[in-house]
Amino acid sequence: MEGSESEAIFESLNVKPQLFINETLNTVDDLVDDAFHFFQQQASTLLNTHATDRSEDLTKGIANVRSMVQSVLDKRLAMWEKYCLHHCFAVPQRFSIPKTDESSGDGLICQEALCDPDLDAQLESLRNKLIAVEKESTVLNHELQALERHSASNNRCAGFVNEALQLYEQNSVHDLFQEMVQTGSELRAKMVKLKTRRLVVSEHTKTHGIYNPNRDLSRIDNKGFSNAKLEELEEFLAETKNM
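Side note on the overall build of the chain
On a plain count of helices and strands, the chain comes out with 6 helices and 0 strands. Counted from the first residue to the last, the chain has its helices and strands arranged as α-α-α-α-α-α. Looking at the chain as a whole, 8% of its 243 residues qualify as buried. For the chain, the share of sequence-separated contacts (at least 6 apart) that also reach a separation of at least 24 residues comes to 62%. For the chain, the accessible surface area stands at approximately 21,000 Å², while carbon and sulfur atoms represent 58% of it.

This is the structure:
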């Protein structure tokens, strides 16, 4: 690039591409030096090679690694430098720098365009609208997040209620069936007990009527002795003879 038209144009604009590239390369070299210096310190601490024979071996090993890395890095940086000079800092053919008068005139035009009060007012109005929209968007986002949290809470509550209802329905059917079984058992026991009690009362009434000397024979049976058995009649006659 030295002595080329591109270099002359950049020099006239007080821009030095080669200086930029050299400073970049120097910065990379400084970073590599610091990195390997830090690496050597950490390796020496971890391996405990201070004041030992292994310290020299560690230094040689790190130097070999750096040599390999530096070789590859130098090749890459040389390619990068060449690319910058031929593409990034190359100007098109027949490129000409505007004259001083034209440049100053264009600067005045640009300054007048930048100092347009109407344009500034429009920009300020748009900026204020943008700020208002951002505030409104923030408020809406907060409300939306609150609604999402409320909806999630409602969904969890609804899920708990549904689970509780399912458990209640399952338990209620089971409990109802158990209650029906228990009620049936109690009813059966009561019926057996009532039947037994009626038999006992009936036998007691008959016995009391037979052995009672003050009994009313007309009340032994509303239908007389037509329904009495032979054994009962014989027993009644025997009792009558003994009186």
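Points about helix α2 (residues 17-47)
Here α2 is 31 residues long and its end C-alpha atoms lie 45 Å apart, about the 45 Å a rise of 1.5 Å per residue gives. Residues of α2 that are buried include every one of Pro-17, Ile-21, Leu-25, Val-32, Phe-36, Ala-43 and Ser-44, and no others. Two residues or fewer past α2, Asn-48 is found with a positive phi of approximately 55°.

Brief notes about helix α3 (residues 54-88)
If you check α3, its first and last C-alpha atoms are 48 Å apart, about what 35 residues at 1.5 Å a residue would give, namely 51 Å. Among the residues making up α3, those that are buried are Leu-58, Ile-62, Gln-70, Leu-77, Cys-84 and Leu-85. Lining the buried residues of α3 we find α2.

Quick word on the packing of α2 against α3
Interaxial distance between α2 and α3 falls to 10 Å at its minimum, and their mutual angle equals 160°. Comparing their axes, α3 and α2 come out roughly antiparallel. In this structure, α2 crosses over α3, and the sense of that crossing is right-handed.

Here we look at the nonpolar core
Formed by Phe-10, Ile-21, Leu-25, Leu-77, Cys-84, Leu-85 and Phe-89, the largest nonpolar core amounts to 7 residues. Where this core is concerned, the elements lending two or more residues are α2 and α3. Here this core gets 3 residues from one element, more than from any other, and that element is α3. Residues Val-32, Phe-36, Ala-43 and Ile-62 belong to the second largest nonpolar core, which totals 5 residues.

What counts and how
Residues numbered from 1 in each chain as written. Predicted model: local features only at pLDDT ≥ 70, side-chain atom pairs only at ≥ 80, totals over all residues. Heavy atoms only, no water. Helix = DSSP H or I, 4+ residues; strand = E, 2+ residues; numbered from the N terminus. Buried < 20%, exposed > 50% of the residue type's maximum accessible area, 1.4 Å probe, protein only. Contact = heavy atoms within 4.5 Å. Areas by Shrake-Rupley, 256 points an atom, 1.4 Å probe, with all protein chains shown as cover. Expected span 1.5 Å × (residues − 1). Axes fitted to C-alpha atoms, helices over the stretch in contact; angles between N-to-C directions. Parallel < 35°, antiparallel > 145°, perpendicular 65-115°, else oblique. Left-handed = near helix turned anticlockwise from the far one by under 90°. Core = buried A, V, L, I, M, F, W, Y, C linked by side-chain atoms within 4.5 Å.

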